[in-house]
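Topology and contacts: notes
Residue-level listing of the chains:
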Amino acid sequence: GLNIDEIRILENINGLTKAQQYALNVWLISFYFAGIRVSDVLKLKWLDFSENRLHYRMVKNSKLVSLKVPDKVLNILSKLDRDVYSIYLFKELEGVNVKDEKLIRTRIKTATRNFNRRLEIVAEKANIDKKLSMHIARHSFGNISGDKISIQMLQKLYRHSSVTTTIMYQSNFVQKDTDDALDKVINF
């Protein structure tokens, strides 16, 4: 995952094409909402936002989610193309029959592939040596959250049913605690 400095670079990058900025906006929305999956981001509707909160149902487990809308998200939302017929924040699912699950999955998969290609270019332009893909938004949130919030709160944000899942997920990112423990023992 990316670190805070790399996220700041992405937040302030200039010189992107419209398509690259669009992909980055999808990525940032995912990151700002605790690394929600790209399938959930692409299904977000303008009507899912009320009273400065996002209300949506997760695709993976059908759990209802309600999150505060950060100012950084409001900034992105104000820049998105929207007309009176817009249903979705992002255009990939506009006009698709919601009952055609196969077509929806195909559109999401195609969009994700296109976003990931554009995000690779964004990373190059930003001089970020790490892989930048839609899923990395989730890892970046986990990476940055490790020292800042409790594992139980992270479990709530990720909507994991079991804290064990969150602990296993975080074990890939959180090394500070083990590094500090090691230092306490050997730095005498």
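Everything quoted here is computed from the prediction, not taken from an experiment.

**Digging into a nonpolar patch on the surface**
- A cluster of nonpolar side chains, contributed by V185, I186 and F188, occupies part of the molecular surface with about 410 Å² of accessible area.
- Tracing the chain through its elements places V185 in helix α9 (residues 176-186).
- Owing to a relative accessible area of 61%, V185 belongs among the exposed residues under this scheme.

**A short note on helix α5 (residues 101-125)**
- For α5, which comprises 25 residues, the first-to-last C-alpha distance of 36 Å matches the rise-based estimate of 36 Å (1.5 Å per residue) to within 8%.
- Of the positions making up α5, those classed as buried are I104, I108, A111, T112, F115, L119, V122 and A123.
- Of the surrounding elements, those touching the buried residues of α5 are α1 (4-12), α2 (18-32), α3 (38-42) and α6 (134-145).
- Of the residues trailing α5, N127 is marked for its positive phi of about 60°.

**Observations concerning the side chain of S30**
- Within the secondary structure, S30 sits in helix α2.
- Beyond its immediate sequence surroundings of up to four residues, S30 is in contact with G35, I36, V41, M134 and A137.

**Quick notes on the pairing of strand β3 (residues 64-68)**
- Residues V65 and L67 line the buried face of β3, whereas the alternating positions L64, S66 and K68 sit on a face that is not buried.
- Joining the antiparallel neighbours strand β2 (residues 53-57) and β3 is a turn of six residues, in which S62 adopts a positive phi near 60°.

**Quick look at α2**
- A rise of 1.5 Å per residue sets the reference length of α2, with its 15 residues, at 21 Å; its end C-alpha atoms lie 21 Å apart and thus fit the reference within 8%.
- Every buried residue belonging to α2 is among Q20, A23, L24, N25, V26, W27, L28, I29, S30, F31 and Y32, and all of these are buried.
- Each element contacted by the buried residues of α2 is listed here: α1, α3, α4 (71-79), α5 and α6.
- Just past α2, the residue A34 takes up positive phi, approximately 65°.

**Describing the packing of α2 against α4**
- Taken N-terminus to C-terminus, the directions of α2 and α4 make an angle of 155°; their axes are 10 Å apart at the nearest point. For the element pair α2 / α4, the angle class is roughly antiparallel. For the element pair α2 and α4, the recorded crossing hand is left-handed. For the pair α2 and α4, the contacting residues are N25, L28, I29 and Y32 in the first and K72, V73, I76 and L77 in the second.
- Looking at the contact of α2 with α4, its residues break down into six nonpolar, one polar and one charged.

Calculation rules
Residues numbered from 1 in each chain as written. Predicted model: local features only at pLDDT ≥ 70, side-chain atom pairs only at ≥ 80, totals over all residues. Heavy atoms only, no water. Patch = residues over 30% accessible without salt bridge, like charges linked within 9 Å, V, L, I, M, F, W, Y side chains within 5 Å. Areas by Shrake-Rupley, 256 points an atom, 1.4 Å probe, with all protein chains shown as cover. Salt bridge = Lys/Arg side-chain N within 4 Å of Asp/Glu carboxyl O. Helix = DSSP H or I, 4+ residues; strand = E, 2+ residues; numbered from the N terminus. Buried < 20%, exposed > 50% of the residue type's maximum accessible area, 1.4 Å probe, protein only. Expected span 1.5 Å × (residues − 1). Contact = heavy atoms within 4.5 Å. Pairing = 2+ DSSP bridges. Axes fitted to C-alpha atoms, helices over the stretch in contact; angles between N-to-C directions. Parallel < 35°, antiparallel > 145°, perpendicular 65-115°, else oblique. Left-handed = near helix turned anticlockwise from the far one by under 90°. Nonpolar A, V, L, I, M, F, W, Y, C, P; charged D, E, K, R; others polar.

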